[in-house]
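Here are the chains, one letter per residue:
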Amino acid sequence: MSQPKQIEKVTKPDHILSYFKLELWPLLLVTVSGIFYNVGMIAGPYFEGRLAQCLFDIMNGYQTFSAMISLAVTYLAVILAVQLMRCIKRFYVRRFANDTSRNMRHMLYNSLVNMSQEELKQESLGAIMTKAVTDVDACVEGMRKFTTEIFDTGVVLASYLAMLFVYDWRLALLSGIFTPIAYFIAGQLKIRITQYNMEYKKSAGRLNSSTMDRISNSITYRVYGCEPNRDSAYETHLADYEKRAVSANLWGSAMQPIYNIISMCGAVLIIYSGSKNVLGTGWANWNIAAFTTFLSCFTKMALKSSKAANLFNAVQKAQVSWVRIKPLMKEYVEQNTDSAIDFSKPGGLTVSGLSLGWPGGPKILKGLSFSAGPGQILGVSGPVASGKSALGKALIGEVPYEGSIRVGERELSTLSGYERSRLISYMGHQPDLVSDSIEENIRLGEHGSIAPYLQAVCFGKEVSQMPQGAATSVGSGGIKLSGGQQARTALARTLYNAQHILILDDPFSAVDRGTEQKIFENLRTLAADKIVILISHRLYLFPTLDKVLFLDGGRGVFSTHDDLMEKNPTYAELYHAQMEGEMQNEE
Ligand SMILES: Nc1ncnc2c1ncn2[C@@H]1O[C@H](COP(=O)(O)OP(=O)(O)OP(=O)(O)O)[C@@H](O)[C@H]1O
């Protein structure tokens, strides 16, 4: 099997020039073949003029038919050589576009996968997907057009213009004044095209979000009977998208024939003044060949130059897209597996003066200090929305914090992603299962036995009774498993990949109390030498834990269960209320 092409790591990925620099070779070949092709393009009008003159001379008996044949053969050979250059130029322009597209997408992908979940949530998924797909396409298309047109338009225009000046400089100047008018109009449309494109891209993002929302929440909308209003919201987004797509494309494409007409106006002057040149009463003395060459050259130049006006618009669209994706183009993050840490003896967890809050929001927890050593289980609890999950996420670096979180002698914020993953395992509030089998969800590509972990989370028997056992597919996001099964699969995954510190955010919320008790006992055995942070709103297990951190009102009290029962009325009340509720259930 052929190896995929090596993807370049772009330095300064937020500079558009960086992508051009990576493609110096293809660009050099585009330049050389482009110059040959475009300068060779004037061979067309030149030979057309000479052929017309030759025909005229044959009719008047000054030339023979063989002269015409040899002229035609030379013309054919030159045209073939010019077209070969065109093929080379097109091949390398396409290669430049493909490589640039791959490099840009790769950088964007790397940047997106290395962003924290919270950073990603700042924007809707629909908008991110629009940027990752259509904006990159628009950028690369603008860069491709720019690269192509520099030769197709720039070089060829200069060659044509030089030729026109040689034949009659006054007529060349006069007939050429219409082209700048087309450029001027294109320049005036710049603001409008930018604005319409920006709105079009935003609308595409909204439509993508609305589609994803409609699909992923289809059951909720069906159950609550609000499908019609969601469909009509989708239709509104679709209509808006269509309207804005038309507006965005209208100005660019509708103006091309107008640019053509304006540029071609000079042909009228050429027919008038050129005829006078042939008759010997104009600014220059021309024969038929000169007249035909001049007119043919001008026509080609006018059509080419009118395309340059369109090029402005294509580059404008690319600029709109570049502005949208530029903030996401971050330096390449390499997975560095070098580390000076001895992962077998990482030391204890020490947190001091910790304050944290979601990006852009106020601090939700302030001044927390606590610690835990290997073999200890620390319980974290508190009322609803007291910041339990936020603390768990701060401990894995997903929520920004101030103060200090140390593992042994090392500050969490100085650790690489790899070092963190070798020190801390995390099970979030959501099971976050991948669309694969139960065993793959637990092993995540590793090859060890999962049986002990399925037993530990009291899931082994159920799995063995499934027709395909652990190879059973969990479906998209775990949809084919019950809530309790999903939670236990996620916990088995965390235990299978257990590192020195285990952070478990409400791991037992979807299982009954008896199962909770059994799993907890297994956890104690399996994690005997680890630090376990057990975040839970249920306090049944807390009397058996080594330490408790109770969060309330943005502050945390760190102590033992017995001490909190004695000194913290809110904790004691919560504990008693839960125990009473449990006793009533048992009755
Ligand atoms: N992604 C987020 N961005 C901004 N604010 C958030 C985000 N997630 C949660 N919050 C807010 O942060 C606060 C703490 O939420 P958190 O989920 O940490 O509480 P919790 O104690 O785990 O709650 P619960 O017991 O309901 O699970 C809440 O006020 C919540 O509204």
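Residues numbered from 1 in each chain as written. Predicted model: local features only at pLDDT ≥ 70, side-chain atom pairs only at ≥ 80, totals over all residues. Heavy atoms only, no water.

Naming follows an unreviewed UniProt entry, where the protein chain appears as ABC transporter ATP-binding protein of Lacrimispora celerecrescens. The Subcellular location (unreviewed entry) comment attached to the protein chain in UniProt states, word for word, "Cell membrane". (UniProt positions renumbered as here; feature names shortened; annotations may be inferred.)

(A) Broad picture of the environment of Val-156. Inspection of the secondary structure puts Val-156 in helix H6 (residues 125-167). With 149 residues separating them along the chain, Val-156 and Ser-305 place their C-alpha atoms 9.2 Å apart. (Helix = DSSP H or I, 4+ residues; strand = E, 2+ residues; numbered from the N terminus.)

(B) Structural view of the environment of Ser-306. Here Ser-306 shows up in helix H13 (residues 288-325). Overall, the relative accessible area of 0% leaves Ser-306 in the buried class. As for Ser-306 and Ala-487, which are separated by 181 residues in sequence, their C-alpha atoms are 64 Å apart. Once you skip the residues sitting within four places of it in the chain, Ser-306 turns out to touch Gln-256, Tyr-259, Asn-260 and Ser-263. (Buried < 20%, exposed > 50% of the residue type's maximum accessible area, 1.4 Å probe, protein only. Contact = heavy atoms within 4.5 Å.)

(C) Up close: the packing of aromatic side chains. Applying the stated criterion to the full structure yields twelve aromatic pairs. On the numbers, 5.5 Å between centres and 25 degrees between planes, the contact of Phe-20 with Phe-96 is stacked. Taken as a pair, Phe-20 in helix H1 (residues 16-21) and Phe-96 in helix H4 (residues 65-113) lie far apart in primary sequence, 76 residues in all. Each member of the pair, Phe-20 as well as Phe-96, carries the same accessibility label: buried. Look at Phe-91 and Tyr-92: their rings are 5.0 Å apart centre to centre, the planes differ by 90 degrees, and that puts the pair in the edge-to-face class. Residue classification places Phe-91 among the exposed positions, given a relative accessible area of 51%. Through a chain of ring-to-ring contacts, three or more aromatic side chains come together here, namely Phe-20, Phe-96 and Phe-146. (Phe/Tyr/Trp six-rings, centres within 6.5 Å; stacked < 30°, edge-to-face > 60°.)

(D) Molecular detail of the pairing of strand E4 (residues 401-407). Pairing analysis gives six bridges linking strand E1 (residues 349-356) to E4, with the strands arranged antiparallel. Residue pairing for E4: Ser-355 is matched across the bridge by Glu-402. The sheet contact formed by E4 and strand E5 (residues 410-411) spans two bridges and is antiparallel. Bridging across to E5, Arg-406 finds its partner in Glu-411. (Pairing = 2+ DSSP bridges.)

(E) Highlighting the domain arrangement of the protein chain. Looking at the assigned domains, one finds that the protein chain contains domain 1 (16-328) and domain 2 (349-433 + 490-586). Relative placement of domain 1 and domain 2: their C-alpha centres are 59 Å apart. Domain 1 puts five residues into the contact, and the matching count from domain 2 is five residues. When domain 1 packs against domain 2, close to 360 Å² is buried across both sides, 48% of that on carbon and sulfur atoms. Counting across the interface, domain 1 meets domain 2 through zero salt bridges. Counting across the domain 1 and domain 2 interface gives zero residue pairs in polar contact (both at pLDDT 80 or more). A class-by-class count of the residues in the side of domain 1 that touches domain 2 yields no nonpolar, three polar and two charged. (Domains from an automatic or database assignment. Buried area = accessible area lost by both parts, 1.4 Å probe. Salt bridge = Lys/Arg side-chain N within 4 Å of Asp/Glu carboxyl O. Polar contact = N/O pair within 3.5 Å; in protein donor to acceptor, adjacent residues only side chain to side chain. Nonpolar A, V, L, I, M, F, W, Y, C, P; charged D, E, K, R; others polar.)

(F) Here's a closer look at a nonpolar patch on the surface. A cluster of nonpolar side chains, namely Trp-25, Leu-28, Leu-29, Val-32 and Phe-36, defines an oily patch on the protein surface of about 530 Å² accessible area. Within the secondary structure, Leu-28 is located in helix H2 (residues 24-40). In this structure Leu-28 comes out as partly exposed when scored by relative accessible area, which is 44%. (Patch = residues over 30% accessible without salt bridge, like charges linked within 9 Å, V, L, I, M, F, W, Y side chains within 5 Å. Areas by Shrake-Rupley, 256 points an atom, 1.4 Å probe, with all protein chains shown as cover.)

(G) Inspection of the side chain of Asp-240 at higher detail. Mapped onto the elements of the fold, Asp-240 is located in helix H11 (residues 227-264). Within the local environment of Asp-240, its side chain forms a polar contact with the side chain of Ser-203, the two groups lying 2.8 Å apart. Contacts of Asp-240, omitting those with residues within four sequence positions, involve Ser-203 and Arg-206.

(H) Broad picture of the UniProt feature "transmembrane region" (unreviewed entry) in the protein chain. According to UniProt, the feature "transmembrane region" (unreviewed entry) maps to residues 24-47, 67-85, 150-167, 173-193 and 250-272 in the numbering used here. Split by type, residues 67-85 is 100% helix and 0% strand. Its first and last C-alpha atoms lie 27 Å apart.

(I) Highlighting the UniProt feature "domain: ABC transporter" (unreviewed entry) in the protein chain. Residues given the UniProt feature "domain: ABC transporter" (unreviewed entry) here are residues 349-578. Taken end to end, residues 349-578 has its terminal C-alpha atoms 30 Å apart, with 33% of it in helix and 24% in strand.

(J) Region of the structure containing the packing of helix H3 (residues 43-59) against H4. Remark: H3 packs on H4, axes separated minimally by 10 Å, with the N-to-C direction vectors making an angle of 170 degrees. Classed by the angle they form, the pair H3 and H4 counts as roughly antiparallel. Counting all contacts with H3, which are made through Ala-43, Gly-44, Phe-47, Glu-48, Arg-50, Leu-51, Cys-54, Leu-55 and Ile-58, the residues of H4 involved are Phe-65, Ala-67, Met-68, Leu-71, Ala-72, Thr-74, Tyr-75 and Val-78. Among the residues forming the contact of H3 with H4, the class breakdown is 13 nonpolar, two polar and two charged. (Axes fitted to C-alpha atoms, helices over the stretch in contact; angles between N-to-C directions. Parallel < 35°, antiparallel > 145°, perpendicular 65-115°, else oblique.)

(K) Geometry of the packing of H2 against H4. Direction vectors running N to C along H2 and H4 enclose 150 degrees, while the axes themselves pass 8 Å from each other. As summarised for this structure, H2 and H4 are arranged roughly antiparallel, according to the angle between their axes. For the pair H2 and H4, the crossing hand works out as left-handed. Residues Pro-26, Leu-27, Leu-29, Val-30, Ser-33, Gly-34, Phe-36, Tyr-37 and Gly-40 of H2 pack against Val-82, Gln-83, Met-85, Arg-86, Ile-88, Lys-89, Tyr-92, Val-93, Arg-95 and Phe-96 of H4. (Left-handed = near helix turned anticlockwise from the far one by under 90°.)

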